[in-house]
Amino acid sequence: MCGIIGYTGTHPALPVLLEGLKRLEYRGYDSAGVAVLQEGTIAVEKKKGRLENLRQATKDRRFTGCAGIGHTRWATHGEPSDRNSHPHTSADGSIALVHNGIIENHARLRAFLERQGYVFQSQTDTEVLVHLIAHHFKGDLVSAVRDALYLAEGSYAICVVEQSHPDTIVCARKDSPLIIGLGEGENFVASDIPAILKYTRRCYLLDDYEMALISPQHVTVLDRNAKPVSKAVFDVNWDENAAERGGYAHFMLKEIHEEDKAISETLAPRLKEHEITLENIDLAGVAHHARRVFIVACGTAYHAGMIAKYTWESVLKIPVEVDYASEFRYRSPLIGSDDLLIVISQSGETADTLAALRLGKKCGAQVLAITNVVGSSISREADSVLYTWAGPEIAVASTKAYCTQVLCLALLMLRIGYEKGVFDATTYAQHLDELKRLPQLAREILKNEGQIKDLAHRYCSLSDAYFIGRNIDYAMALEGSLKLKEISYIHSEAITAGELKHGPIALLEQGSLLIVPATQPALFDKVASNMIESKARGAHLLAITTAEAHSILDCANDVVLVPSLSPWCMPIIAIIPMQLFAYYCAVERGYDVDKPRNLAKSVTVE
Ligand code: AGP
């Protein structure tokens with residue numbers, strides 16, 4: 001997610017802006033910039049790369065003003081570059097703006113503005129906002145911002161400055177966070193509390209559609225029609241570390257709780273009323289090549305690919321091979337120009353996955369990447385990219401990236417299916433309706449957190465755990481097992497339920513824990529019989545299932561219920577209880593949840 005900072009007061013703005021951006025670095029970024037009001041103009045500096053690049057670039061210039069805005073960019077539209085960095089400015093440089101969020105109707109607004117003669121300098125969605133504000137500006141900045149935002153669709157947190165308002169910042173938010181720090185003779189605005197904690201612990205938490213007019217002496221909060229509203233002061237009692245995690249104990253927990261938003265952000269620009277639109281994807285080409293599909297990835301990303309093995313083969317009737325990237329690149333795969341290679345990588349930098357991508361291209365396959373990082377090596381080398389707009393994932397254990405990877409594979413499956421006539425319009429519409437329900441259903445699952453925390457407390461001292469499932473549930477079991485072992489260090493493995501009796505059942509003894517994701521109605525009874533076999537040998541059964549799974553409910557010792565959706569849709573959110581279980585087991589065992597031993601967030605070496 002991007003980071004925003006604004007300051008207006010009696011001290012030079014630049015040091016405050018740079019310090020605030022430094023406090024927001026944890027949010028992940030690929031470029032940074034500032035705009036400072038001074039001497040009737042706006043001084044702007046912005047640079048690709050780390051904050052130090054920006055700091056160096058400002059050293060050679062005079063930034064004397066006492067009001068300004070700053071930004072760290074997490075690229076979504078337009079790769080990381082100086083030009084795509086924020087702040088963006090109006091044609092005459094009299095207005096500057098920073099933005100966190102996605103303007104979904106940016107293409108239509110850009111076309112309108114270009115017809116009015118506006119010339120764009122960047123590839124970003126954000127730039128439409130600053131030209132829209134300039135288009136509506138008749139001397140009153142608040143009215144211009146209000147009128148521009150009436151036309152914008154999507155998510156935004158923005159700060160705007162205009163040269164004839166020398167100490168004023170106008171800000172607004174919808175879906176992206178924005179807070180106002182209340183100082184003495186100075187005021188602040190930021191994406192998140194860490195950026196202002198050094199100066200004040202009193203703030204306003206803006207709500208959706210609210211705006212604010214900020215000067216050194218006054219903060220006026222307004223509704224979307226620019227009418228003043230009263231706000232309660234929020235007194236921050238967090239320490240700085242806790243503030244970076246939004247008050248959560250660990251980034252992993254914060255990111256699990258962001259999964260509803262990650263799903264929304266990944267869906268929103270692609271899910272129109274009655275269709276799925278996938279930007280920059282040559283759909284005809286993908287559909288043509290999807291006669292045989294190879295999915296290659298590592299770790300959690302591989303487990304997301306395993307979900308597609310089951311769903312794509314059963315729904316699209318297309319053969320899907322899934323490989324660990326480290327295996328794919330050395331097994332002389334029979335891949336060629338009639339094949340589609342999908343590489344999945346949260347970081348977009350995993351060495352084995354990048355090598356597999358290059359091998360696939362060398363063999364003539366069309367390569368589609370699913371990644372979370374715009375401008376990453378994998379995103380740049382693939383023929384097309386489908387981004388998981390999950391926002392930066394800081395914890396080593398991947399959670400929201402997995403959910404959005406599975407979601408992107410589902411979007412692609414549904415779109416190809418519709419292209420190939422697998423679904424009629426009614427079925428397609430029903431599937432889209434299920435997708436729209438996912439963010440709310442994820443929130444409902446998260447309400448079960450207390451029950452899962454109790455289960456973790458009960459089982460966290462075990463040395464082993466077994467995840468069993470069939471079909472899609474087995475693919476989910478793989479991910480649940482990895483989560484548990486990589487952060488709690490409890491040895492665990494995923495076993496296909498039908499395979500238990502061919503050996504692994506010998507491992508079971510009194511009190512062995514079997515965690516059973518069971519979300520596929522056609523297999524409930526089969527899995528139930530495997531559970532009964534295991535229970536007869538002393539195993540304890542923790543089922544993650546739906547209220548309709550009577551045979552499962554009858555034999556499980558513990559049950560975590562999840563909503564019932566189409567089989568292909570279940571893993572997008574049914575994984576959440578297993579993520580939470582792993583998290584709370586690791587916390588109970590006192591380990592460093594966000595930075596587990598021996599692991600890196602991105603394995604950029606073989
Ligand atoms: C998952 O929790 C692990 N951090 C690890 O398995 C990770 O998924 C794997 O290294 C792949 O990373 P990538 O998605 O960035 O390519």
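Fair warning: this is a prediction, and the values are worked out from it, not measured in the lab.

Draft legend 1. Structural view of the sheet that holds strand S15 (residues 293–297). Strand order in the open sheet formed by 5 strands is S16-S15-S17-S18-S19, and the pairing between neighbours is parallel. In the strand order of this sheet, the two ends are held by strand S16 (320–324) and strand S19 (384–387), each with one partner. Averaged over neighbouring strand pairs, the angle between their axes works out to 20 degrees when direction is ignored. Pairing of S15 with strand S17 (residues 340–345), which is carried by 5 bridges, proceeds in the parallel orientation. If you follow isoleucine 295 over to S17, its bridge partner there is isoleucine 342. Against the sheet, helix H10 (residues 299–316) touches S15, S16 and S17, its axis set at about 170 degrees to S16.

Draft legend 2. Here's a closer look at the layout of surface pockets. Estimates place the volume of the largest pocket at around 780 Å³. Every residue lining the largest pocket is counted, 34 residues in all, and those nearest its centre are Met1, Arg27, Pro177, Glu258 and Lys261. Listing elements by their share of the lining of the largest pocket, those giving two or more residues are helix H7 (251–257) and helix H8 (259–267). Considered class by class, the residues forming the lining of the largest pocket number 17 nonpolar, 8 polar and 9 charged.

Draft legend 3. Layout of the sheet that holds strand S23 (residues 540–545). Reading across the sheet, the 5 strands line up as S21-S20-S22-S23-S24 and stay open at both edges, with parallel pairing between neighbours. Each end of this open sheet is capped by a strand with a single partner; those strands are strand S21 (491–496) and strand S24 (558–561). Pairs of neighbouring strands in the sheet enclose a mean axial angle of 20 degrees, with direction left out of account. Bridge analysis of strand S20 (residues 464–469) against strand S22 (residues 513–518) gives 2 bridges, and the strand direction is parallel. Bridge pairing in S22 links tyrosine 466 to leucine 514. Across the sheet, helix H17 (residues 472–488) is in contact with S20, S21 and S22; its angle to S21 comes to roughly 175 degrees. The sheet strands contacting helix H18 (residues 524–535) are S22 and S23, and the helix crosses S23 at an angle near 160 degrees.

Draft legend 4. Here's a closer look at helix H4 (residues 127–136). With respect to burial, H4 is a largely interior element, 7 of its 10 residues being buried. Along H4, the residues that are buried comprise Glu127, Val128, Leu129, Val130, His131, Leu132 and Ile133. Where H4 is buried, its residues contact strand S5 (88–89), strand S6 (95–100), helix H3 (106–115), helix H5 (141–151) and strand S7 (156–162).

Draft legend 5. Up close: the pairing of strand S1 (residues 3–8). Along S1, 6 of the 6 residues are buried, which leaves the element largely enclosed by surrounding structure. Two strands pair when backbone bridges link them, and S1 and strand S4 (residues 67–73) are joined in this way by 6 bridges, in the antiparallel orientation. Its bridge partner lying in S4, isoleucine 5 is registered against glycine 70.

Draft legend 6. Local environment of the site of the ligand. What surrounds the ligand is a group of 14 residues, the closest being Ser345, Ser347, Thr350, Val396 and Glu486. A distance of 2.6 Å separates an oxygen atom of the ligand from a polar side-chain atom of serine 345. In the model, an oxygen atom of the ligand is placed 2.7 Å from a nitrogen or oxygen of the glutamine 346 main chain. Against a free-state accessible area of 410 Å², the protein chains account for coverage of 91% of the ligand. At the level of elements, H10 and H17 are the ones that each hand at least two residues to the shell around the ligand.

Draft legend 7. How the structure looks around the nonpolar core. Counting 127 residues, the largest nonpolar core has Trp312, Ile342, Leu435, Ile573 and Phe581 as the members making the most contacts within it. Residue contributions to this core peak at 12 residues, all from helix H14 (residues 400–419). Excluding residues within four positions of it along the chain, leucine 435 makes contact with Leu267, Leu271, Ile276, Leu407, Leu411, Leu414, Trp568 and Cys569. Formed by 26 residues, the second largest nonpolar core is a distinct cluster that contains Val130, Ile133, Leu141 and Ala172.

Draft legend 8. Local environment of the packing of aromatic side chains. The full count for this structure, using the stated rule, is 8 aromatic pairs. Ring centres of phenylalanine 423 and tyrosine 428 lie 6.3 Å apart, and the angle between their planes is 15 degrees; this geometry places the pair in the stacked category. The burial state of phenylalanine 423 is the same as that of tyrosine 428; both residues are buried. A centroid spacing of 4.8 Å and a plane angle of 80 degrees characterise the contact between tyrosine 583 and tyrosine 584, whose relative ring orientation is edge-to-face. Of the two residues examined, tyrosine 583 and tyrosine 584, each falls in the buried class.

Draft legend 9. Main features of H3. Of all the positions in H3, only His106, Leu109 and Leu113 are classed as buried. The arc that holds the buried residues of H3, viewed along the axis, is 65 degrees, so those residues lie on one side. Across H3 from its buried face, at more than 90 degrees, point the exposed residues Ala107, Arg108 and Arg115. Buried residues along H3 sit in contact with H4 and H5. Glycine 117 sits one or two residues past H3 and shows a positive phi near 100 degrees.

Draft legend 10. Layout of the pattern of salt bridges. Applying the stated rule across the entire model yields 32 salt bridges. In this structure, the salt-bridge partner of glutamate 153 is arginine 108, at a minimum N-O distance of 3.3 Å. One end of the pair, glutamate 153, is in the loop between H5 and S7; the other, arginine 108, is in helix H3, and 45 residues separate them in sequence. In this structure, the salt-bridge partner of glutamate 419 is arginine 415, at a minimum N-O distance of 2.8 Å. Here glutamate 419 pairs with arginine 415, and both are found in helix H14, just 4 residues apart, close to one helical turn. When its relative accessible area of 40% is taken as the criterion, glutamate 419 is described as partly exposed. The class for arginine 415 is buried, based on a relative accessible area of 18%. Several salt bridges converge on common partners, so that one network encompasses Arg292, Glu321, Asp323, Arg331 and Asp339.

Draft legend 11. Main features of the packing of H10 against H17. With their axes 8 Å apart at the nearest point, H10 and H17 run at an angle of 170 degrees to one another. Our classification of the angle between H10 and H17 gives roughly antiparallel. Where H10 approaches H17, its residues Gly299, Thr300, His303, Met306, Ile307, Tyr310 and Thr311 are matched on the opposing element by Ile472, Tyr474, Ala475, Met476, Leu478, Glu479, Leu482 and Lys483.

Draft legend 12. Quick peek at the side chain of aspartate 352. Tracing the backbone shows aspartate 352 in helix H12 (residues 351–362). Residue class for aspartate 352 comes out buried when judged on its relative accessible area of 13%.

Draft legend 13. Representation of unusual backbone geometry within the structure. Cis geometry marks the peptide bond from histidine 86 to proline 87; its omega dihedral reads 5 degrees. The residue proline 87 is located in the loop between S4 and S5 in this model.

Conventions adopted
Residues numbered from 1 in each chain as written. Predicted model: local features only at pLDDT ≥ 70, side-chain atom pairs only at ≥ 80, totals over all residues. Heavy atoms only, no water. Pairing = 2+ DSSP bridges. Helix = DSSP H or I, 4+ residues; strand = E, 2+ residues; numbered from the N terminus. Axes fitted to C-alpha atoms, helices over the stretch in contact; angles between N-to-C directions. Contact = heavy atoms within 4.5 Å. 1 Å grid on protein atoms, 1.4 Å probe; cavity = no way out; pocket = protein on both sides within 12 Å on 5 of 7 lines; lining within 4 Å. Points joined across faces, edges and corners; volume = space filled by probe spheres on them. Nonpolar A, V, L, I, M, F, W, Y, C, P; charged D, E, K, R; others polar. Buried < 20%, exposed > 50% of the residue type's maximum accessible area, 1.4 Å probe, protein only. Near = heavy atom within 4 Å. Polar contact = N/O pair within 3.5 Å; in protein donor to acceptor, adjacent residues only side chain to side chain. Areas by Shrake-Rupley, 256 points an atom, 1.4 Å probe, with all protein chains shown as cover. Core = buried A, V, L, I, M, F, W, Y, C linked by side-chain atoms within 4.5 Å. Phe/Tyr/Trp six-rings, centres within 6.5 Å; stacked < 30°, edge-to-face > 60°. Arc of directions from axis to C-beta. Salt bridge = Lys/Arg side-chain N within 4 Å of Asp/Glu carboxyl O. Parallel < 35°, antiparallel > 145°, perpendicular 65-115°, else oblique.

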